[in-house]
Amino acid sequence: PPTDWVTDAQRRGSLDKWPSMKGLLGGASLDDATLKQLAEMSPLNHVEPGLPPFLLIQGDADKSVAHDLTVNFQAKLLAANVNCDLITITNGTPRIADWEKFDPAWQSKLVAWLNDKLGVE
């Protein structure tokens, strides 16, 4: 999901184009109150030192969540000295079931990352 709900909402232009969020927040406009709620919900605004390691995996052709949001989230984590790795699936879409077509090794990269963080040999 988006890590910066404010930027994502502004990219969409209105909550009318985002029915689930419109239903959650109970309104359609991106007024100051709604933007404040979105900011409070954004993981990007809850980054702090001491968080556990993160692994982010996303296709760079994802149209539902802009890849830049994930890159920005990684940068914020790294700036807070939180370990964060990003695996970008080149040409990958949001459909995880299709990622193997774009990067046949993505699952082994995930397992290797987990084994490394868990100290498994």
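Model, not experiment: these values are computed from the prediction.

A. Expanded view of the packing of aromatic side chains. Under the defined criterion, the tally for this structure stands at 3 aromatic pairs. The interplanar angle of 25° and the centroid separation of 5.5 Å between the aromatic rings of Trp5 and Trp18 together place this pair among those described as stacked. Pair noted here: Trp5 is in helix H1 (residues 5-12) and Trp18 is in the loop between H1 and helix H2 (19-25), with a separation of 13 residues, a long-range link. Each member of the pair Trp5 and Trp18 is classed as buried. The residue whose ring lies beneath Arg12 is Trp18, and the NZ or CZ to ring-centre distance is 4.3 Å.

B. Structural view of the pattern of salt bridges. On inspection of all chains with the given rule, the structure shows 7 salt bridges. The partner of Asp8 in a salt bridge is Arg11, and the shortest N-O contact between them spans 2.6 Å. With a gap of 3 residues between them, Asp8 and Arg11 both fall in helix H1, about one helical turn apart. With a relative accessible area of 0%, Asp8 lands in the buried category. Linking Asp8 and Arg12 is a salt bridge whose minimum nitrogen-to-oxygen distance equals 3.0 Å.

C. Spotlight on the packing of H1 against helix H3 (residues 32-41). At a minimum axis separation of 7 Å, H1 and H3 run at an interaxial angle of 135°. In this view, H1 runs oblique relative to H3, as classed from their interaxial angle. Of the residues in H3, those in contact with Trp5, Val6, Ala9 and Gln10 of H1 are Leu35, Leu38, Ala39 and Met41. Looking at the contact of H1 with H3 residue by residue, the classes come out as 7 nonpolar, 1 polar and no charged.

Rules behind the numbers
Residues numbered from 1 in each chain as written. Predicted model: local features only at pLDDT ≥ 70, side-chain atom pairs only at ≥ 80, totals over all residues. Heavy atoms only, no water. Phe/Tyr/Trp six-rings, centres within 6.5 Å; stacked < 30°, edge-to-face > 60°. Helix = DSSP H or I, 4+ residues; strand = E, 2+ residues; numbered from the N terminus. Buried < 20%, exposed > 50% of the residue type's maximum accessible area, 1.4 Å probe, protein only. Lys NZ or Arg CZ within 6 Å of the ring centre and 35° of its normal. Salt bridge = Lys/Arg side-chain N within 4 Å of Asp/Glu carboxyl O. Axes fitted to C-alpha atoms, helices over the stretch in contact; angles between N-to-C directions. Parallel < 35°, antiparallel > 145°, perpendicular 65-115°, else oblique. Contact = heavy atoms within 4.5 Å. Nonpolar A, V, L, I, M, F, W, Y, C, P; charged D, E, K, R; others polar.

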